[in-house]
Amino acid sequence: MARITEHDSSKIFDAAREWRDQCLIAGKSLVWRDRDVWTPSNLQRFKACFIDRPDTSKDKNFEQKFKAQLATENEDVTRLACELLFVYFLFPTSVGRQRKTGLIREVASWRSIEIDGKGPLFDAFDTGIGNPGLVYNTGRPNELTYLARFAITVANKPEAERVELLHHHLRARAMLDDLAEAHRDEFGRPPQLRHILLYLLFPDDYERIASEDHKSRIAEAFREMIEGEAPDDVDDQLKAIRQRLTEFLSGHELDFYWEPLRPCWYTDGESETLGALPALHIKQQIVLYGPPGTGKTYQARDIAGSLIRQELLKQWGPGRFFSTPEPKLSELVATRTHRVQFHPGYGYEDFVRGLQIAGNGQTAYRDGVLLRLVDEMQRESVEEQKIPAVLILDEMNRADLSKVLGECFSLLEDRDTEVQLGGHDEKPRKVRLPARLYIIGTMNLIDQSLEHVDFALRRRFLWFFRGFSREDFLAVSQKRWSGLLETRQLRRGWEKVEAEFETLADRALRLNEIIDGNSYLGSQYEIGHTYFCDVVSFAYRYLVSSEKRRNRVLFNSRGMALDPVDTLWRYSLAPLLTQYLSGIDSVEREAILTRAAGVLLAGEGS
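Residues numbered from 1 in each chain as written. Predicted model: local features only at pLDDT ≥ 70, side-chain atom pairs only at ≥ 80, totals over all residues. Heavy atoms only, no water.

Q: When you look at the overall build of the protein in this model, what are you seeing that I'm missing?
A: Counting its secondary structure elements, the protein contains 26 helices and nine strands. Its C-alpha radius of gyration of 27 Å places the protein within 12% of the 25 Å reference for a compact globule of 606 residues. By principal-axis analysis of the C-alpha atoms, the protein measures approximately 95 × 70 × 50 Å. Scored against the burial criterion, the 606 residues of the protein give a buried share of 53%. If you take every contact in the protein between residues at least 6 apart in sequence, the share linking residues at least 24 apart comes to 69%. With the model as given, the accessible surface of the protein reaches about 27,700 Å², and the carbon-plus-sulfur share is 47%. (Helix = DSSP H or I, 4+ residues; strand = E, 2+ residues; numbered from the N terminus. Rg over C-alpha atoms; globule rule 2.2 N^0.38 Å. Buried < 20%, exposed > 50% of the residue type's maximum accessible area, 1.4 Å probe, protein only. Contact = heavy atoms within 4.5 Å. Areas by Shrake-Rupley, 256 points an atom, 1.4 Å probe, with all protein chains shown as cover.)

Structure follows, in structure tokens:
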């Protein structure tokens with residue numbers, strides 16, 4: 001149903017088919033063809049050492065824990081662990097081939113087992129299917145637990161039943177759902193491998209989506225396209241939606257992560273149970289808050305665009321919506337999105353209404369941004385009045401919000417009532433906020449802690465924290481790098497530097513964990529991913545100075561920072577942290593800076 005991806009994925013599907021036939025059905029091996037690796041006994045031994053003996057300590061990384069858990073097991077259980085990792089790594093595009101094969105070879109080396117990471121089987125790691133997000137990486141033990149339990153359940157069935165099960169997607173889905181429900185009860189969140197395995201095994205019946213939340217949001221955005229009663233299962237809903245979409249987009253390669261479908265439902269940086277977009281539908285007012293440099297304004301525009309497009313799809317119907325040229329849709333979204341930048345001097349008279357000097361020298365009341373927008377919406381045509389408008393209040397906590405909003409404060413909670421404004425000319429002025437006006441605020445916690453936000457204001461919004469994002473750092477860095485390639489300023493492809501950027505992403509994540517756990521700092525002082533993206537410009541300058549002599553860009557073969565990362569630290573990150581720590585003892589400040597530099601520049605403690 002959805003085999004189309006950004007790259008040729010045929011080798012991934014070939015590997016998944018080999019895993020099904022050779023491992024799940026025959027009990028053999030993917031890598032070591034002469035070994036019986038995926039046997040019930042080996043799977044039970046893996047369960048005993050890994051699933052039944054979880055290591056939840058926080059002072060060791062995954063590799064250290066995994067090595068200790070496998071220490072007493074035989075070679076075939078180690079081989080099984082390697083192949084479980086192989087299956088786990090088939091889907092994600094967020095990890096490159098070098099890192100995927102590197103971890104598998106490291107696990108094999110614990111038993112002095114040789115693996116040819118350059119063999120044809122590992123060509124499946126050249127690309128990937130999609131990005132399952134940070135939780136898939138940080139929750140690796142939980143995902144491997146789910147994968148192993150699936151394999152154990154299959155292996156315990158007679159061979160004829162295994163064959164039937166693994167060739168019938170509804171039976172396989174029922175089993176995966178039962179395991180997923182138990183997994184959710186145990187770990188508090190659904191396994192992403194439930195969706196990944198269905199896609200790898202049955203790519204013609206399922207979407208390349210690893211997130212339960214993404215599937216729900218897509219179904220919600222396009223549900224009105226389903227003819228008749230919608231199926232109960234979200235995967236069946238997506239299948240029905242795809243069938244309808246092919247009627248209106250017959251000339252397109254359909255993928256819910258691509259244009260023109262993506263803007264109707266997707267907003268960056270979401271992994272919560274309740275995403276910002278559905279929250280905006282529910283409450284009509286949300287706030288994105290967090291440290292600087294985390295893309296809150298960009299995400300606010302993204303959310304606004306998705307909200308407007310969803311409503312246009314409902315009001316216009318799929319025929320008109322999908323036949324409208326993208327530039328015209330983008331223009332309409334832009335005209336329905338309004339942004340105000342708050343600052344300490346911003347007041348009630350700017351936002352709502354106030355006395356100002358007219359051309360004749362007399363004072364008169366003039367409407368501010370909010371009232372002008374309300375008046376514009378009231379004068380719109382009948383068709384326009386069905387389309388939402390979004391007002392973005394950027395860095396809203398830099399102003400005194402209670403004074404800026406004044407009487408309109410209560411209107412945020414009750415859109416059905418009018419409020420009379422305090423000052424007026426000849427007759428009192430009353431105002432009501434339109435039901436189709438949505439408000440998105442952004443807040444930098446450096447400017448003002450959330451603790452100082454009025455409780456009445458908190459009640460009128462739903463709040464979403466935005467911190468450092470490893471995925472966003474890599475995506476923005478790749479986009480900037482690709483831009484340099486397109487303009488021929490660079491000749492080295494992204495695939496040649498991807499592993500080094502992943503290393504920097506891991507170290508940036510570790511650096512922010514240290515900041516988050518420090519008593520003088522905390523999550524509001526995390527360093528946003530946009531700060532780290534400056535390393536692309538530093539790397540460009542580093543490479544063009546002598547392209548032929550630079551085999552590596554960010555780190556040398558020993559993992560020590562090269563000039564671009566050192567420059568990023570010296571002229572951007574270190575001064576920022578120094579400012580954040582300016583109020584503490586100089587000895588303690590230097591100790592924190594030294595530790596932070598060690599993590600970023602040398603990988604200490606990673």
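Q: How should I be thinking about unusual backbone geometry in this particular structure?
A: For residues other than glycine, phi is negative in most cases, and the peptide bonds are mostly trans. Following Glu259, the chain continues to Pro260 via a peptide bond in cis, the omega torsion being 0°. A positive phi is found at Ser112, a non-glycine position, where the angle reads about 55°. Looking at the secondary structure, you find Ser112 in the loop between helix 5 (97–109) and helix 6 (134–138).

Q: So what exactly am I meant to see when it comes to the pattern of salt bridges here?
A: Side chains carrying opposite charge are able to pair once their charged atoms draw close together. Using the criterion set out here, one finds 41 salt bridges in the structure. In this structure, Arg99 engages Asp506 in a salt bridge whose closest nitrogen and oxygen atoms are separated by 2.5 Å. You can see Arg99 sitting in helix 5 and its partner Asp506 sitting in helix 22 (residues 494–517), a full 407 residues away along the chain. Residue Arg99 is classed as partly exposed on the basis of its relative accessible area, which comes to 30%. Classification of Asp506 by relative accessible area gives partly exposed; the value is 24%. One network of salt bridges, in which partners are shared, links Lys11, Arg97, Asp123 and Asp126. (Salt bridge = Lys/Arg side-chain N within 4 Å of Asp/Glu carboxyl O.)

Q: Help me understand the nonpolar core, please; the structure alone is not making it clear to me.
A: Taken as a class, soluble globular proteins show a tendency for nonpolar side chains to be buried jointly. If you look at the biggest cluster of nonpolar residues, it comprises 69 residues, and the most contacted ones within it are Trp19, Trp38, Phe46 and Phe150. Dropping the residues within four chain positions of it, Trp38 is found in contact with Trp19, Cys23, Leu24, Gly27, Lys28, Ser29, Leu43, Leu80, Glu83, Leu84 and Ala151. (Core = buried A, V, L, I, M, F, W, Y, C linked by side-chain atoms within 4.5 Å.)

Q: Help me out: how do you make sense of the side chain of Thr145 in this one?
A: Within the fold, Thr145 resides in helix 7 (residues 140–155). You can call Thr145 buried: its relative accessible area is 5%. Dropping the residues within four chain positions of it, Thr145 is found in contact with Phe50, Ile51 and Phe187.

Q: I tried to follow helix 4 (residues 75–88) on my own but got confused; where do I start?
A: Counting along an α-helix, one turn takes 3.6 residues, and residues three or four places apart therefore face a common direction. For helix 4, built from 14 residues, the straight-helix expectation of 20 Å at 1.5 Å per residue is met to within 8% by its first-to-last C-alpha distance of 20 Å. Between the side-chain oxygen at the start of helix 4 and the backbone nitrogen of Asp76 there is a gap of 3.1 Å, and the oxygen is on Asn74. (Expected span 1.5 Å × (residues − 1). Polar contact = N/O pair within 3.5 Å; in protein donor to acceptor, adjacent residues only side chain to side chain.)

Q: Explain the packing of helix 3 (residues 62–70) against helix 5 here, please?
A: When two helices pack together, their arrangement is captured by the angle between the axes and the distance separating the axes. Their axes nearest at 10 Å, the elements helix 3 and helix 5 cross at an angle of 30°. Accordingly, the angle class assigned to the pair helix 3 and helix 5 is roughly parallel. Considering the relative orientation of helix 3 and helix 5, their crossing is right-handed. When helix 3 is examined against helix 5, the residues Phe62, Glu63, Phe66 and Leu70 are found in contact with a partner set consisting of Leu103, Glu106 and Val107. The residue inventory of the contact of helix 3 with helix 5, partitioned by class, reads five nonpolar, no polar and two charged. (Axes fitted to C-alpha atoms, helices over the stretch in contact; angles between N-to-C directions. Parallel < 35°, antiparallel > 145°, perpendicular 65-115°, else oblique. Left-handed = near helix turned anticlockwise from the far one by under 90°. Nonpolar A, V, L, I, M, F, W, Y, C, P; charged D, E, K, R; others polar.)

Q: Looking at this structure, I do not really get the packing of aromatic side chains. What am I missing?
A: Centre distance and the angle of the planes are the two values used to describe a pair of aromatic rings. Throughout the structure, instances matching the rule amount to 32 aromatic pairs. Look at Phe342 and Phe351: their rings are 5.7 Å apart centre to centre, the planes differ by 75°, and that puts the pair in the edge-to-face class. Overall, Phe342 belongs to the buried group, its relative accessible area being 0%. For Phe351, a relative accessible area of 1% translates into the label buried. Consider the rings of Tyr525 and Tyr580, whose centres lie 4.8 Å apart with planes at 65°: the pair is edge-to-face. Of this pair, Tyr525 sits in the loop between helix 22 and helix 23 (529–532) while Tyr580 sits in helix 25 (residues 563–580), and the two are 55 residues apart along the sequence. The exposure class assigned to Tyr525 is partly exposed, which follows from its relative accessible area of 22%. For Tyr580, a relative accessible area of 14% translates into the label buried. Ring pairs connect the aromatic residues Phe86, Tyr88, Phe89, Phe122, Phe125 and Tyr136, which therefore count as one cluster. Over the ring of Trp32 we find Arg79, and its NZ or CZ is 5.3 Å from the ring centre. (Phe/Tyr/Trp six-rings, centres within 6.5 Å; stacked < 30°, edge-to-face > 60°. Lys NZ or Arg CZ within 6 Å of the ring centre and 35° of its normal.)

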